[in-house]
Amino acid sequence: MTEPTSTNPPLSFEPRSDWLAGYLRADQVRTDTLVQLVAGWADADTRDDVIDALDRLATVVHGVRREGELDAAIEEVEGVASMDTARVEITAGTARRLFQELAFVTRKLCRFNPLANRVPVLERRRTA
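Since this is a predicted model, take the numbers as computed values, not measurements. Residue numbers here run from 1 along each chain, matching the order of that chain's written sequence. Only residues with pLDDT of 70 or above have their local features reported here, since the model is predicted, and side-chain atom pairs are shown and tallied only from 80 upward, although totals for entire chains, interfaces and linings are computed over all residues. Excluding hydrogens and water, the side-chain values take into account all heavy atoms of the structure.

## Considerations on the environment of Thr-59
Put simply, DSSP H or I for four residues or longer makes a helix, DSSP E for two residues or longer makes a strand, and each gets a number counted from the N terminus. Mapped onto the elements of the fold, Thr-59 is located in helix 2 (residues 47-62). A 1.4 Å probe rolled over the protein chains alone gives each residue an accessible area, and that area as a share of the maximum for its type sets the label: buried under 20%, exposed over 50%, partly exposed in between. For Thr-59, a relative accessible area of 57% gives the class exposed. C-alpha of Thr-59 to C-alpha of Ala-73: the two residues are 14 residues apart in sequence and 9.4 Å apart in space.

Here it is as structure tokens:
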């Protein structure tokens, strides 16, 4: 891995050292996930259910998986532990910084295809 190029590495985009792929780093998602899991685990009313769901997840992770089995096991843990959606709130300044970092990574990944190197601006249309 290369040296971080971001002013805020815990929430950043960076190219892999060989420039064939990139990384999105979002440490806050992992922190929130673990805190929410432990909160569910610490609740006496749900502790056994959380442990059972984690045991089922461990079985899936260490076994031969059928399609959708891992997702289902993860969703069960999230549901039993009452975990929120994994997301990070960002400000306008953070969005601009992340956009610049992603544009840099995109230029590196698409360096041999100039047409693919253009970063489209996507607008999200709201439906009423």
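## Looking at the packing of helix 2 against helix 3 (residues 69-80)
For any two helices packed against each other, one specifies the inter-axial angle together with the distance between the axes. In this analysis, axes come from line fits to C-alpha atoms, helices being fitted only over the stretch in contact, and the angle between any two N-to-C directions falls in the range 0 to 180 degrees. Running from N to C, helix 2 and helix 3 cross one another at 165°; their axes reach a closest spacing of 9 Å. When the axis of helix 2 is compared with that of helix 3, the two are roughly antiparallel. The crossing of helix 2 and helix 3 is left-handed. Contacts between helix 2 and helix 3 involve Asp-49, Val-50, Ala-53, Leu-54, Arg-56, Leu-57, Val-60 and Val-61 from the first element and Glu-69, Leu-70, Ala-73, Ile-74, Glu-76, Val-77 and Val-80 from the second. Ten residue types, Ala, Val, Leu, Ile, Met, Phe, Trp, Tyr, Cys and Pro, are classed as nonpolar, four, Asp, Glu, Lys and Arg, as charged, and the remainder, Gly among them, as polar. In terms of residue class, the contact of helix 2 with helix 3 is made up of 11 nonpolar, no polar and four charged. Should an angle fall under 35 degrees it is taken as roughly parallel, and over 145 as roughly antiparallel, whereas 65 to 115 is taken as roughly perpendicular and any remaining angle as oblique. Crossing chirality is assigned from the near helix's rotation relative to the far helix, an anticlockwise turn below a right angle marking it left-handed and a clockwise turn marking it right-handed. Pairs of residues are marked as contacts when any of their non-hydrogen atoms sit within 4.5 Å.

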